[in-house]
Amino acid sequence: MKHKEYDSLIVGKENAISYIADYNTYELIHLTQKAMELFKMKSPEEYRGMKCYKLLQGLDAPCPFCTNDKLSLDSVYKWEHFNDVLHRWMAIEDMLVVIDGRLCRLEHAYDITDQRRQIKRLSDQLTVEQILVRSLNTLAASDDYSLAFNSFLEQLGRFYRADRAYIFEIDYDKRVVSNTYEWCAPYVTSEIDNLQGIPIKYISDWLKKFKETGEFYINKLDTDINHNREDYNILANQGIESLLAAPLLTGGRTVGFIGVDNPTNATNDMTLLRASSDFVVEELKKRRLIQKLERASYIDMLTGLNNRNRYMEVLKGYETNPPKSLGVVFADVNGMKTANDTRGHKYGDRLLIRVSEILSLAQNCHVYRIGGDEFVMLFENVDKETFDKKVIEIKGHFDQDPDCDVSIGSVWTQDEVDINRQIIKADELMYAEKQVYYRSVLSNGRTARLGISEEVAREIEENRFVVYYQPQINIKTNQIIGAEALVRKKGDNGEIIPPDRFIPYYEIEGVISHVDLFVFKEVCAAMKRWRNQGICLNICVNFSRVTLMMPDILNEITRICEEYEASPKNLTIEVTESIGKMDQAYIKNLFDALIDRGFTISLDDFGSKYSNLSILNDLKFHTVKIDKALVSRLENNEKSQIIMRNTIRMCHELAATQTLAEGIETEGQYRLLSNYKCEYGQGFFFSRPVAFDVFDDMIKRGGKE
Ligand code: C2E
Ligand code: MG
Ligand code: MG
């Protein structure tokens, strides 16, 4: 058969790459012109006799995918195959033909590489779109930005089958770029910590490319990037050979980039990176705004000082991590309300700014504006001498500024710093300075801040506060004469929170009166029940001096008594020595009115703090409660015994009051107090504070716990 005659077998298949080979020997018999060109054959002589598998597939033995056994004379076998010699995809039609009595295979192949790519692209793009939608949903759905970005990056990384996917953000002020979010494939080590604060100049080439082409990629690190460049070292150290990155743009400026390292899928396809970059920018903006708001929520907008939120955070931090020593300064502007009323709010604002400036002159401390006209300074781990000097300096500054009239209280302690107590103390001392202004300040700056007041009211509604009773004993007869009502709070998990943990805070917040009056009400209700059962007891209720300053406290107490038909005769109002720091005329009037209505008044914690004896002279108390600190030192301590004996005597003789010793824990203490003619006692030796039912049981049994 001639060359031309073979061609006649191939009529209508001009576009195909065709050949004829011997079915049994695999020897090539004929190649069409197109096939000759593709396989670089100049003439038929060159290929004749060559094995088809050698020339066409580059193999030394019949192809493992040879289709000969699938062929027949009356049908066409169609299949697709990637030709390794041509690097092209082929759609193939094979058939058997008999030529000159020889059984031959005839193959027509069509190059379908381009179509295949197109289809792949289409399906890739479909995936890109799906991934994009999924990623963006992830970003939008989660409030936790780290989580949202991390899972977005994971989808990106998985799509590109990359080692890492990441977000870098540029800080133009500091001229650095940092890796802010990262996803790593399993077995790939995280690099984020090594990629913080990289000088922006290291990526100048990237920025240029971002600007020019909207992308930056490295196909092969070794050849694409000059080895002297800083970014080469950084990338090489991470084992990066290739990468794709797209800029994050805000107003045309590159503010960062997202990228993937060592991608093995869609390596030329930036679609997903580019398409998601806009959304990432939006989310980053949102996140920044939130951060800004969070920061702002720690800053007082007027003065730029740390605000009450920050202050509360710091106090909370002290609970687990107290400083070795702490100096606290409380400063409260005098006459703020008058200043606002008479000279306007602008003037008031300027005054507060001036105060904050003066306080900020002090070093080694943090200054907080915790309320309208209240400031606190915390000096951590500053020795007492330095602290005292600083306080004198601060006072000196204020003395020189006649417009800034500020009351200042300060306390310093070390070792087992009890923050709450200390702050209360500093606060109390500040109040001492403030006697003249106290009441006017109370009516504006010191009123409960909105929110906390409602919270406490709600907690009372929800029965979160419970009243415990600690029996009080007549030391002579050993009989229970009554009890002190002591409040507790139930925590979220039902745990009992002792009053020291929340009362000082409520006092500072000005909301303590809610709690005090709640306890008072509960006590009156209990007394009504007891009275119906023929039981008559005296109950002491603690009243914070902040509660006593309430403008209509007297009416409120009277109203509650009337509501529960409780007799003031059996009710004792317990106040602490700190009332000595209050406006004496006001306190005296209030006490007179209370006594007038039949209440008894007891002075709590006597001998614990200032031991201001003159208070016994100035005010009339029915009972003085001697602090447990004095009681606990009694045994085997002659000096303490002398102090105790004389304190009791002094109360009897000087002030004509009875005494009650608090915190009696041992029989020895009890005996000594009995010898000293202390009338009443209270303490763990008799009973701890107990819930109503337990106390109720106790009195009905008429005995001990
Ligand atoms: P406080 O009025 O001096 O109450 C006595 C405290 O000493 C109680 O602590 C009591 O449990 C404790 N105590 C009693 N006997 C002993 C003893 O033998 N040894 C020792 N180590 N401690 C003893 P609690 O109940 O934790 O109350 C602490 C403070 O909280 C009270 O001191 C009082 O100042 C305040 N507080 C309690 N309830 C109220 C309230 O309803 N309103 C106000 N404003 N303050 C309250
Ligand atoms: Mg008390
Ligand atoms: Mg006490």
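Scroll up to find the structure.
Since the model is a prediction, treat every value here as computed from it, not as a measurement.

1. Concerning the overall build of the chain
And then number 1: When you go through the chain residue by residue, the secondary structure sums to 27 helices and 26 strands.
And then number 2: Within the chain, the fraction of its 705 residues that count as buried is 50%.
And then number 3: Put simply, 61% of the contacts in the chain that link residues at least 6 apart link residues at least 24 apart.
And then number 4: Counting only carbon and sulfur atoms, one obtains 49% of the accessible surface of the chain, whose full area is about 35600 Å².

2. Regarding the sheet that holds strand S2 (residues 28–31)
And then number 1: Across the sheet, which stays open at both edges, the five strands sit in the order S2-S1-S5-S4-S3 with antiparallel pairing between neighbours. A strand with exactly one partner marks an edge of an open sheet, and here the two such strands are S2 and strand S3 (77–83). Pairs of neighbouring strands in the sheet enclose a mean axial angle of 25°, with direction left out of account.
And then number 2: By the bridge criterion, 10 bridges tie strand S4 (residues 88–99) to strand S5 (residues 102–111) in an arrangement that is antiparallel. Bridge pairing links Ile-99 to Arg-102 in S5.

3. Let's talk about the coordination of the magnesium ion (ligand 2)
Reference geometry at the metal: tetrahedral coordination by four donors gives ideal angles of 109.5 degrees; octahedral coordination by six donors gives 90 or 180 degrees.
And then number 1: Every protein donor of the magnesium ion (ligand 2) is accounted for by Glu-484 (OE), Asn-542 (OD1), Glu-574 (OE) and Asp-604 (OD), and the metal-donor separations fall at 2.0 to 2.3 Å.
And then number 2: Here the donor residues of the magnesium ion (ligand 2) are spaced in sequence according to E-x57-N-x31-E-x29-D.
And then number 3: Between the magnesium ion (ligand 2) and the magnesium ion (ligand 3), a spacing of 4.0 Å is present, and a bridge between the two is formed by Asp-604. Placement of Glu-484 in strand S18 (residues 479–490) and of Asp-604 in strand S22 (residues 600–606) is noted, with a sequence separation of 120 residues between them. Side by side, Glu-484 and Asp-604 carry an identical accessibility label, which is buried.

4. Brief notes about the coordination of the magnesium ion (ligand 3)
And then number 1: Taken together, the protein donors to the magnesium ion (ligand 3) comprise Asp-604 (OD), Asp-605 (OD), Glu-662 (OE) and Glu-662 (OE), at separations of 1.9 to 2.4 Å.
And then number 2: Asp-605 gets classed as partly exposed once you look at its relative accessible area, which sits at 22%.
And then number 3: By relative accessible area, Glu-662 is classed as buried at 8%.

5. As for the site of ligand 1
And then number 1: Taken together, 23 residues surround ligand 1, and among them Arg-488, Asp-516, Asp-604, Glu-665 and Phe-684 come closest.
And then number 2: The contact in question runs from an oxygen atom of ligand 1 to an N or O atom on the side chain of Arg-488, over 2.9 Å.
And then number 3: Here Glu-662 contributes a side-chain N or O atom positioned 3.2 Å from an oxygen atom of ligand 1.
And then number 4: Relative to its unbound accessible surface of 790 Å², ligand 1 loses 85% to contact with the protein.

6. Quick look at the pairing of strand S17 (residues 465–474)
And then number 1: Among the 10 residues of S17, nine are classified as buried, and the element is accordingly described as predominantly covered.
And then number 2: One ladder, built from 10 bridges, connects S17 with S18; its direction is antiparallel. When the bridges of S18 are listed, Tyr-468 appears paired with Leu-486.
And then number 3: Count of turn residues in the S17/S18 antiparallel hairpin: four residues, of which Asn-478 carries a positive phi of about 65°.
And then number 4: In terms of strand pairing, S17 meets strand S26 (residues 690–691) through two bridges, oriented antiparallel. Within the sheet, the bridge partner assigned to Tyr-468 lies in S26 and is Ala-691.
And then number 5: Two strands pair when backbone bridges link them, and S17 and strand S25 (residues 680–681) are joined in this way by two bridges, in the antiparallel orientation.

7. Regarding the pattern of salt bridges
And then number 1: Under the definition given, this model contains 32 salt bridges.
And then number 2: Arg-88 is the partner of Asp-114 in a salt bridge, and the nearest nitrogen-oxygen pair spans 3.9 Å. In this pair, Asp-114 is assigned in helix H5 (residues 113–141) and Arg-88 in strand S4, connecting sequence segments 26 residues apart.
And then number 3: Judged by its relative accessible area of 25%, Arg-88 is partly exposed.
And then number 4: A salt bridge links Lys-285 to Glu-282; its shortest N-O distance comes to 3.5 Å. Note that Lys-285 and Glu-282 are positioned in helix H10 (residues 271–296) at a spacing of three residues, about one turn of the helix.
And then number 5: Residue Glu-282 is classed as partly exposed on the basis of its relative accessible area, which comes to 41%.
And then number 6: Here the salt bridges do not stand alone but share partners, grouping Asp-205, Lys-209, Arg-229 and Asp-231 into one network.

8. Examining the environment of Gln-470
And then number 1: Position of Gln-470 among the secondary structure elements: in strand S17.
And then number 2: Linking Gln-470 and Pro-689, residues 219 residues apart in sequence, is a C-alpha distance of 3.9 Å.
And then number 3: The residues contacting Gln-470, other than those within four sequence positions of it, are Gly-482, Ala-483, Glu-484, Leu-486, Gln-682, Gly-683, Phe-684, Ser-687, Arg-688 and Pro-689.
And then number 4: Looking at Gln-470, its side chain comes within polar contact range of the side chain of Gln-682, at 2.7 Å.

9. Some words on the packing of aromatic side chains
And then number 1: Here the structure, examined in full by the defined rule, presents 28 aromatic pairs.
And then number 2: Every member of this aromatic cluster is reached through a ring pair, and the members are Tyr-166, Phe-168, Trp-206, Phe-210, Phe-216 and Phe-257.
And then number 3: One residue, Arg-310, lies across the ring of Tyr-298, its end atom 5.3 Å from the ring centre.

10. So, the nonpolar core
And then number 1: Counting residues in each nonpolar core, the largest one holds 84 residues, and the members touching the most others are Tyr-469, Phe-520, Trp-530, Ile-579, Phe-621, Leu-673 and Phe-695.
And then number 2: Ranked by residue count, the leading element in this core is helix H19 (residues 512–532), at 12 residues.
And then number 3: With residues up to four places along the chain from it excluded, the contact list for Trp-530 reads Tyr-469, Ile-535, Leu-537, Ile-539, Phe-692, Phe-695, Asp-696 and Ile-699.
And then number 4: Within the second largest apolar cluster, 27 residues are counted, among which are Ala-331, Tyr-347, Met-377 and Phe-379.

11. A few points about the packing of helix H17 (residues 452–461) against H19
And then number 1: One way to put it is that H17 packs onto H19 with a least axis distance of 9 Å and a crossing angle of 20°. By the angle class used here, H17 and H19 are roughly parallel. The two elements H17 and H19 cross, and the hand of that crossing is right-handed. Residues Ser-453, Val-456 and Ile-460 of H17 pack against His-514, Val-515 and Phe-518 of H19.
And then number 2: Here the contact of H17 with H19 is composed, by residue class, of four nonpolar, two polar and no charged.

12. Observations concerning helix H13 (residues 345–360)
And then number 1: In a regular helix each residue adds 1.5 Å, so 16 residues correspond to 22 Å; H13 covers 22 Å between its end C-alpha atoms and thus fits that length.
And then number 2: Taken as a whole, H13 has its buried residues at Tyr-347, Gly-348, Leu-351, Leu-352, Val-355, Ser-356, Ile-358 and Leu-359.
And then number 3: Buried residues in H13 make contact with strand S13 (325–333), helix H12 (336–343), strand S14 (366–369), strand S15 (374–380), helix H14 (384–399) and strand S16 (406–414).

The rules behind these values
- Residues numbered from 1 in each chain as written.
- Chains lettered and ligands numbered in written order.
- Predicted model: local features only at pLDDT ≥ 70, side-chain atom pairs only at ≥ 80, totals over all residues.
- Heavy atoms only, no water.
- Helix = DSSP H or I, 4+ residues; strand = E, 2+ residues; numbered from the N terminus.
- Buried < 20%, exposed > 50% of the residue type's maximum accessible area, 1.4 Å probe, protein only.
- Contact = heavy atoms within 4.5 Å.
- Areas by Shrake-Rupley, 256 points an atom, 1.4 Å probe, with all protein chains shown as cover.
- Pairing = 2+ DSSP bridges.
- Axes fitted to C-alpha atoms, helices over the stretch in contact; angles between N-to-C directions.
- Donors = N, O, S within 2.8 Å, 3.2 Å for Na, K, Ca; no water.
- Near = heavy atom within 4 Å.
- Polar contact = N/O pair within 3.5 Å; in protein donor to acceptor, adjacent residues only side chain to side chain.
- Salt bridge = Lys/Arg side-chain N within 4 Å of Asp/Glu carboxyl O.
- Phe/Tyr/Trp six-rings, centres within 6.5 Å; stacked < 30°, edge-to-face > 60°.
- Lys NZ or Arg CZ within 6 Å of the ring centre and 35° of its normal.
- Core = buried A, V, L, I, M, F, W, Y, C linked by side-chain atoms within 4.5 Å.
- Parallel < 35°, antiparallel > 145°, perpendicular 65-115°, else oblique.
- Left-handed = near helix turned anticlockwise from the far one by under 90°.
- Nonpolar A, V, L, I, M, F, W, Y, C, P; charged D, E, K, R; others polar.
- Expected span 1.5 Å × (residues − 1).

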